[in-house]
Each structure stands twice: as C-alpha cells, then as structure tokens.
Amino acid sequence: MKFSEWKIWYRELPWAKKWFVILILIRPIIDPFFFLKRVEVYYSPLNILALLTIIFIVLSLNSKYLQNKKRSMTDFYFFIWGVFIIINSSILVIVSPTINNIQNTSKSILPLFLYSYTKRFIEDERDLEGIFFTFLIAAIFPFFTLCYEYLVGPIDPQILSGARGGGTRFVGLYADIFNYAIYIISVILFILYTILKRRESKSLTMTQKKIFLLFLFVILGLIAIKHVATWSVFIMLIGLFTLFQFTNLRGWVVGLVFIFLFLPFLGQYIYESQIHPLVKKELRVAEGEEGVERSFNGRMTRWIKYTGVWSDTPLYIKLFGIGPSGLHEATAMISGHMHNDFLRILFLTGLWGLTFYFIFLFSVLIKSFKKRLHHKFLIISSVFIIFLYSVSAIPTFYPNLLYLVYAIFAYASLKEPLNETQKEGRYPWQAAAAVRGPGNRYRNYSKFPVKRKI
C-alpha cells in the first residue's frame, strides 16, 4: 500500500473505523504524558484514553457499519479466557477497590474489547494493510525522537550496569523502552511482509531505497534500546523470513546468500557487540557461576517468590484464578510487576484460563496454514512475537502492540479472497464495487444490477 492509497482508504472509512486509525496515529504522541499520573492518577491521559477506547468500541460495535461475523472456535477460546479475566478482576476490585487493582483490571479487560473490535474492523486485506501502514506513519514520531537522541543526546538516559553490558539505553520520552520496541518490531515486520508480498504478487509497492531507510531505523533502534527480548524477536523474524524464502529457486539463492554471507560475518559482529554484553549474565547463570535467581535480569527472584505464594493456595484457586483468594500479594501478581505475561495470566485466570489462552494462540497459528505465503508469515510472526515477549514482559498491557497483533489475528479468521470471476459469480455487489471504484462497500448496491458472466 502506498501513501496515496492509504489516504483513499482512510477517507472511505465510516466513523466507526476512522476513530481507531486516529487512535493509532496519536498514540505515540500521547504516551510520553505518562508522568501526569504521578500528579493525579485520574488526570492521566493514558487512563482517560483507555476509558475512551472502551466507550468508542462499544459505540462502534453497535453501529450499522461494523458487520457481525460468524463466530469461530478461535473466538470461543478467547471468549472463555475473557470470562476468567472478568470474573477474577471483578472480584478483586469488589474485595479491594484500590487504585492499583482498578488499573490492573482495566489493563486486563481492554484486550477483550480490542479483540472484539478488530474482528469486526478487519474485513479484507485492504483493511489489514491500512492498519499496517498506519503503524508505519505512527512510527515517524519515535523515529525523530530516536534521531534526536543520537544526534543531540539522550532525553532520559538509563545507565546499564556492567553485568548488562554497560552503556546508555535510550527510552526517549516514554515510560520504558517497550514503547520504542513496539514500533521497531512493527516496522521490521512491515518490511519483511512487503518483500514477501512483492515477490509473490510481483507488485512494486515500495522501492528499495524506502526499504533501506526503514531497515536503518530498525537497526538504530535495536542498538539504542539495548533490549534482549526485542533482539530475540528480531532474530526470530529474520530466521522465519529466511525460512519462507525457501519456496522457489530465487528464494533458495537469497536464503543461501543470507546464511553463508550474513551469518558468519555481520551476524557474528552483531552478536559480539550488541547481544553478548546483554546476555553475559545469563550465560554465567547457565554455567553455574551465579545463582538461578539472578537469571532474566534478576526477575527470576520474584517469579520464584510469587509462584511459591500461588502454590500454597487451594486447588480451586489454582484452577480458576486468584480473584477469590483474598491474598495481599494478589495485586502484585496480576500487575506488570511480574514481567512475565504467562505467569500473570496463570495467577489471574488459573490453569484453565492459561490453557484456553494457549489454545487460542495455537488456533490462530493453525489458521495461518490456509493463507498465502506473505499472510502466513505475518500471522505466524505475530503469534511468535506475543510468545517471546511474554517470557520477560507483559505484551497484553500495551494496547498499541495489540492494535496491530489483534488486527492480524482477525485477518487470520478470514477466508482467502476470491478472484474476480468468482466474485462476479457469487457476490454481485462486490463486482459493482469493483466497477464503481474502491471504498463503496459501506453503500447500498441493490440499485446497481450486475450482469453475471456465463
């Protein structure tokens, strides 16, 4: 999708969809105002934005522009997981209506609304690429912030300890580096998806110069934020992309050149200069030089502590969630303090809830097998992104990441588009839309008869 095509797509959207595009665009500009919650939590723009998002989703879902879609088993698994979240979160707020519990509850419930909305928003590939390109535009602000930090100096530098490689980590105007990481990963995902699509459809939607500039932003960002999890996701995406190259002769050539030229030289340099300093403490843990509680930058200590608390709870708490437990530690166990989304979900929704969450992700993965190559890459990558980040972060607490990931999940549930002959034979109104131009899917075509081909 080109910028001119994106503008046409945006203008054609009804209000029930247009506000979501605006939300994605302004999100990187609003996130820097996180500090206002320290003055007054009720005036925090992020809290207000979360509330407004839920309100707009409810209004949009009740509008005539978002069509109801047939529910799948994937939706059922997500729904059951959502029931566990709502029940346990509600109990926690009723028993202990503290600010922290209310905030954790809103963060836990927001993904349920976002998934329901994106399922109705994404109707075809054009919608998916429109959201994708919107992310690319939204990344402009983090890009300029990153350039400022490189050229002028860090805005809010974080000095890493010697055990983590030392040096300065850029966080820009944001609360943490994950905000940078979201746009870095979305850009590299867009680049790889575009290359695969261009190879498969032979369409030149992006020049090599633009791809190079975007890739430069990704590399600069990875070096600046010094984040092991994001490096892991980046390596996963490159590896998966290389694997997807082995589908034809040209792909074999590109893949083999990457393996035999990139990995031995540039790959080794990147590992020794960027990755090894960040993981050398983990290597010392693996070699037995430091205790296991020091692993994952010391996060294992809290994981062991709260897992011990959870293991002492009754069986029904382990199965259905920590809501009715009455534990004082429950607030911390369901918050971002855990730095592990799998454990947080386990504590909040119990073994049953975590099981349905895993089945949901696996079901999305299965749906990718029926897609074309570039869509398959996109869906598999998005599932792996959630998995990798969940080990040491809380990806479901970052709505701007879910805007894109859930849009991809929603597209996974759609059937592959028909060709033009099939459209004219099965869906006359779609043929009329093709004749009258793009963006007419929200209008009534009953007065435009279409002749079917015989």
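Residues numbered from 1 in each chain as written. Predicted model: local features only at pLDDT ≥ 70, side-chain atom pairs only at ≥ 80, totals over all residues. Heavy atoms only, no water.

Participant: It is not clear to me how the overall build of the chain should be interpreted in this structure. Could you clarify?
Facilitator: Secondary structure assignment for the chain yields 19 helices and 2 strands. Burial status across the chain gives 50% buried among its 454 residues. With an accessible surface of roughly 22,200 Å², the chain has 67% of that area assigned to carbon and sulfur atoms. (Helix = DSSP H or I, 4+ residues; strand = E, 2+ residues; numbered from the N terminus. Buried < 20%, exposed > 50% of the residue type's maximum accessible area, 1.4 Å probe, protein only. Areas by Shrake-Rupley, 256 points an atom, 1.4 Å probe, with all protein chains shown as cover.)

Participant: Help me out: how do you make sense of the packing of helix H6 (residues 125–138) against helix H7 (residues 140–151) in this one?
Facilitator: Two packed helices can be described by the angle between their axes and the distance between those axes. Running from amino to carboxyl end, H6 crosses H7 at an angle of 30°, the nearest separation of the two axes being 4 Å. As judged from the angle between their axes, H6 and H7 are roughly parallel. Here Leu136, Ile137 and Ala138 of H6 lie close against H7, whose contacting residues are Ile140, Phe141 and Pro142. The residue makeup of the contact of H6 with H7, split by class, is 6 nonpolar, no polar and no charged. (Axes fitted to C-alpha atoms, helices over the stretch in contact; angles between N-to-C directions. Parallel < 35°, antiparallel > 145°, perpendicular 65-115°, else oblique. Contact = heavy atoms within 4.5 Å. Nonpolar A, V, L, I, M, F, W, Y, C, P; charged D, E, K, R; others polar.)

Participant: Can you walk me through helix H15 (residues 341–367) in this structure?
Facilitator: Structurally, the α-helix is built with 3.6 residues per turn, so residues lying three or four positions apart point the same way. Its 27 residues give H15 an end-to-end C-alpha distance of only 23 Å, which falls more than 12% under 39 Å, the value for a rise of 1.5 Å per residue. Taken as a whole, H15 carries its principal kink of about 125° at threonine 349. For H15, the buried fraction is high: 19 of the 27 residues fall into the buried class. The opening residue of H15 is asparagine 340, an N-cap whose side-chain oxygen sits 3.0 Å from the backbone nitrogen of phenylalanine 342. (Expected span 1.5 Å × (residues − 1). Bend = angle between axes of the 7 residues up to and from the residue. Polar contact = N/O pair within 3.5 Å; in protein donor to acceptor, adjacent residues only side chain to side chain.)

Participant: Is there a simple way to explain the nonpolar core in this structure?
Facilitator: The tendency in soluble globular proteins is for nonpolar side chains to be buried as a group. Phe20, Phe121, Ile131, Leu237 and Phe409 are the most contacted members of the largest nonpolar core, which totals 124 residues. In terms of residue count, helix H8 (residues 178–201) provides more of this core than any other element does, 15 residues in total. Phenylalanine 121 has contacts with Trp9, Leu13, Lys17, Phe20, Val21, Leu66, Asp127 and Ile131, leaving out every residue within four places of it along the chain. (Core = buried A, V, L, I, M, F, W, Y, C linked by side-chain atoms within 4.5 Å.)

Participant: Just to check I follow, could you spell out the environment of phenylalanine 212 for this structure?
Facilitator: The topology assignment puts phenylalanine 212 in helix H9 (residues 208–225). In sequence terms phenylalanine 212 and isoleucine 191 are 21 residues apart; their C-alpha atoms lie 9.2 Å from each other.

Participant: What should I look at first to understand the side chain of threonine 105 in this one?
Facilitator: Looking at the secondary structure, you find threonine 105 in helix H5 (residues 99–121). Non-local contacts of threonine 105, meaning those with residues more than four positions away in its chain, are made with Ser89 and Val93.

Participant: Which parts of the structure should I look at to understand a nonpolar patch on the surface?
Facilitator: A cluster of nonpolar side chains, namely Trp15, Ile48, Leu51, Leu52, Ile55, Phe56 and Leu59, defines an oily patch on the protein surface of about 640 Å² accessible area. The element that contributes the greatest number of residues to the nonpolar patch is helix H3 (residues 45–61), accounting for 6 residues. Here leucine 59 shows up in helix H3. (Patch = residues over 30% accessible without salt bridge, like charges linked within 9 Å, V, L, I, M, F, W, Y side chains within 5 Å. Salt bridge = Lys/Arg side-chain N within 4 Å of Asp/Glu carboxyl O.)

Participant: I would appreciate a short explanation of the confidence of the model for the chain in the present structure.
Facilitator: With 75% of its residues at a pLDDT of at least 70, the chain reaches an overall mean of 81. Scored below 50 in pLDDT, residues 418–440 shows 30 contacts in the model against residues more than four places distant or in partner chains. (pLDDT = per-residue confidence, 0-100.)

Participant: Teacher, can you tell me more about the environment of arginine 169 here?
Facilitator: As for its position among the elements, arginine 169 is in strand S2 (residues 168–169). Note on arginine 169: relative accessible area 8%, which makes it buried. Through-space distance from the C-alpha of arginine 169 to that of isoleucine 225 is 5.1 Å; in sequence the pair is 56 residues apart.

Participant: What should I look at first to understand the packing of aromatic side chains in this one?
Facilitator: A complete count under the given rule lists 42 aromatic pairs for this structure. Looking at lysine 17, its charged tip hangs above the ring of phenylalanine 121, at a distance of 5.0 Å from the centre. (Phe/Tyr/Trp six-rings, centres within 6.5 Å; stacked < 30°, edge-to-face > 60°. Lys NZ or Arg CZ within 6 Å of the ring centre and 35° of its normal.)

Participant: Hey, could you run me through unusual backbone geometry in this one?
Facilitator: Phi is mostly negative for residues that are not glycine, and the peptide bonds are mostly trans. Residues other than glycine seldom take positive phi values, yet lysine 226 does so here, at roughly 50°. Counting through the fold element by element, lysine 226 comes out in the loop between H9 and helix H10 (228–245). At histidine 339, a position not held by glycine, the phi torsion is positive, near 55°. The class of histidine 339 is partly exposed, set by a relative accessible area of 27%.

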